[in-house]
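# Notes for the structure review
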Amino acid sequence: MRIAVFSAKPYDESTFRAANDQLDKPHDLQFLATPLDAGTAVLAQDFDAVCAFVNDDIGAETVAALDDLGVGLVLMRCAGFNNVDVGAATQAGLSIGRVPAYSPHAVAEHTIGLLLALNRRLHRAYNRVREGNFALDGLMGFDIHGKTVGVVGTGRIGICVARILGGFGCRVLAHDPQPAQEARDAGAHYVPLEELLAECDIVTLHCPLTPKTHHLIDADALSSMRDGAFLVNTSRGGLVDTRAVIGALKSGRLGGLAIDVYEEEDDLFFENLSGQVLQDDVFARLLTFPNVFVTGHQAFFTAEALDAIARTTLANATAHEAHGAPEHPVTEEMVA
Ligand code: NAI
């Protein structure tokens, strides 16, 4: 199968080539640095499939353009598919594949890393020590042990997070419309979202971004959280109303924010913009807070995860070639 891999970075190319070389029948891979959207879809001419990532735009217009070119398969090399118009793709007869699980541990571990760094101000400590400043003022954190932590979304990643938090000696509350026994086994107690927000010292988000979960954490939700609570988001930026969060940080109501995702990250993340003027004023404001810790969508970024992503994506392509459907399809029911 001829596959155009969009938004490809050198690490994508090396892991995909390594996984492809191990297949009995390797695919023909072309790596394009260009992001996929309605304007760039034309680059997929003569390809059977496109492979896309989290910030590519596979909306209705892109779907129509791909359909016109005869592309029959969209291979998402990620778990989320909020950037795909699944209805339009289904109507056009385009199959969509994804990688439902590659390393929930990678994301869970990064989540805890963000929480620890934010709490103990490791980002500030790192800079201070390098400048010979060993003063501790402003670096005080709290014991995570004994705190109540809310896990919103107890799928693969949320369960891993709950397990790690259990090891820290936290009381774990969870919210998910589909409770999981594994989360209960990890010591989590399911409660309604309102109760979780009201009771937790730390809230961490692990549910998908859907029309229902868009701005799940808005001004109302923030006002029902405990005074000085921490919010951690390694799921999708759109779960959080960033402007409302800035308000809550300014008032001191929110005690800290650690994020790996941002609702307008498409124009920022995965690129080196260090020589440019930041155009996003909301994001720029976020970076001014001493109690905000941001990473640029790197929670998934481990060697194990990249290897699994490449293997599963190529297996989706192979299955589609053999049986007309990817091994891990995205269907309209999954969006409803
Ligand atoms: P999953 O599909 O295993 O679990 C998601 C869980 O969220 C499910 O149990 C579902 O019932 C629950 N959920 C749905 N709506 C909810 C709601 N309104 N409130 C509470 N829970 C709700 O997904 P997985 O693998 O755990 O991933 C979670 C999210 O993490 C993905 O959707 C993706 O957006 C994000 N992610 C971020 C990465 C990063 O690098 N920052 C990497 C991989 C995933």
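In this text the structure is predicted, and so the values were computed from the model without any measurement.

### Here's the deal with the domain arrangement of the chain
For the chain, the assigned domains read domain 1 (2-102 + 302-335) and domain 2 (104-294). Measuring from the centre of the C-alpha atoms in domain 1 to the corresponding centre in domain 2 gives 29 Å. Counting residues at the interface gives 12 residues for domain 1, matched by 10 residues for domain 2. Between domain 1 and domain 2 lies a buried interface of about 1000 Å² when both sides are counted; carbon and sulfur atoms form 54% of it. Here domain 1 is connected to domain 2 by one salt bridge. Its salt-bridge partner being Glu271, residue Lys9 comes within 2.8 Å of it at the nearest N-O pair.

### Quick word on the UniProt feature "domain: D-isomer specific 2-hydroxyacid dehydrogenase NAD-binding" (unreviewed entry) in the chain
Following the UniProt record, the feature "domain: D-isomer specific 2-hydroxyacid dehydrogenase NAD-binding" (unreviewed entry) maps to residues 112-299 here. A helix fraction of 34% and a strand fraction of 16% characterise residues 112-299, whose end C-alpha atoms lie 10 Å from each other.

### Remarks on unusual backbone geometry
The residue His215 is not glycine, and still its phi comes out positive at about 50°. Its place among the elements puts His215 in the loop between strand 9 (202-205) and helix 9 (219-223). The phi dihedral of Phe270 falls on the positive side, at around 75°, and the residue is not glycine. By the element assignment, Phe270 lies in the loop between strand 11 (254-259) and helix 11 (281-286). Accessibility expressed as a relative area gives 22% for Phe270, which makes it partly exposed.

### Focus on the sheet that holds strand 7 (residues 171-175)
The sheet built from seven strands is open, its strands ordered 8-7-6-9-10-11-12 with parallel pairing. Lying at the two open borders of the sheet, with one neighbouring strand each, are strand 8 (189-190) and strand 12 (292-294). Bridging between strand 6 (residues 148-152) and strand 9 involves four bridges; their strand directions are parallel. Looking at strand 9, one finds that Val151 is bridged to Thr204.

### A closer look at the pattern of salt bridges
All chains considered together, the criterion is met by 10 salt bridges. Asp12 is the partner of Arg77 in a salt bridge, and the nearest nitrogen-oxygen pair spans 3.6 Å. A residue pair is termed long-range when its members are at least 10 positions apart, and Arg77 in the loop between strand 4 (73-76) and helix 3 (86-92) and Asp12 in helix 1 (residues 10-21) qualify at 65 residues. With a relative accessible area of 1%, Arg77 lands in the buried category. On the basis of relative accessibility, which here comes to 8%, the residue Asp12 falls in the buried class. Between Glu321 and Lys25 there is a salt bridge whose closest N-O contact spans 3.8 Å. Remark: Lys25 occurs in the loop between helix 1 and strand 2 (28-31) and Glu321 occurs in helix 12 (residues 303-323); sequence separation between them is 296 residues. Judged by relative accessible area, which is 35%, Glu321 ranks as partly exposed.

### Digging into the sheet that holds strand 5 (residues 95-97)
Read from one edge of the open sheet, five strands run 2-1-3-4-5, paired in parallel fashion. Either end of the sheet is taken by a strand with one partner, and the two such strands are strand 2 and strand 5. Put simply, the sheet's adjacent strands are angled 20° from each other on average, direction ignored. Pairing analysis gives three bridges linking strand 1 (residues 2-5) to strand 3 (residues 49-52), with the strands arranged parallel. The partner of Ile3 across the bridge, within strand 3, is Ala49. Contacts from helix 1 reach strand 2 and strand 3, with the element oriented near 175° to strand 2.

### Quick notes on the side chain of Arg236
Position of Arg236 relative to the elements: it lies in the loop between strand 10 (229-233) and helix 10 (242-251). Buried charge without a partner: Arg236 forms no salt bridge, and the closest opposite charge is Glu265, 6.3 Å away. In contact with Arg236, not counting residues within four places along its chain, are Val54, Gly80, Asn82, Leu209, Val261 and His297.

### A short note on the packing of helix 4 (residues 104-120) against helix 6 (residues 156-168)
Direction vectors running N to C along helix 4 and helix 6 enclose 50°, while the axes themselves pass 8 Å from each other. Comparing their axes, helix 6 and helix 4 come out oblique. By crossing handedness, the relation of helix 4 to helix 6 is classed as right-handed. When helix 4 is examined against helix 6, the residues Pro104, His105, Val107, Ala108, Glu109, Thr111, Ile112, Leu115 and Leu116 are found in contact with a partner set consisting of Arg156, Ile157, Cys160, Val161, Ile164, Leu165 and Phe168. Residue composition of the contact of helix 4 with helix 6, by class: 12 nonpolar, two polar and two charged.

### Some thoughts on the packing of aromatic side chains
Here the distance between the centres and the angle between the planes together describe a pair of aromatic rings. Applying the stated criterion to the full structure yields seven aromatic pairs. Considering the side-chain rings of Phe53 and Phe270, the 5.4 Å spacing of their centres and the 55° angle between planes classify their relative orientation as tilted. One end of the pair, Phe53, is in the loop between strand 3 and helix 2 (60-69); the other, Phe270, is in the loop between strand 11 and helix 11, with 217 residues separating them in the sequence. Judged by relative accessible area, which is 11%, Phe53 ranks as buried.

Rules behind the numbers
- Residues numbered from 1 in each chain as written.
- Predicted model: local features only at pLDDT ≥ 70, side-chain atom pairs only at ≥ 80, totals over all residues.
- Heavy atoms only, no water.
- Domains from an automatic or database assignment.
- Contact = heavy atoms within 4.5 Å.
- Buried area = accessible area lost by both parts, 1.4 Å probe.
- Salt bridge = Lys/Arg side-chain N within 4 Å of Asp/Glu carboxyl O.
- UniProt positions renumbered as here; feature names shortened; annotations may be inferred.
- Helix = DSSP H or I, 4+ residues; strand = E, 2+ residues; numbered from the N terminus.
- Buried < 20%, exposed > 50% of the residue type's maximum accessible area, 1.4 Å probe, protein only.
- Pairing = 2+ DSSP bridges.
- Axes fitted to C-alpha atoms, helices over the stretch in contact; angles between N-to-C directions.
- Lys, Arg positive; Asp, Glu negative; His and termini not counted.
- Parallel < 35°, antiparallel > 145°, perpendicular 65-115°, else oblique.
- Left-handed = near helix turned anticlockwise from the far one by under 90°.
- Nonpolar A, V, L, I, M, F, W, Y, C, P; charged D, E, K, R; others polar.
- Phe/Tyr/Trp six-rings, centres within 6.5 Å; stacked < 30°, edge-to-face > 60°.

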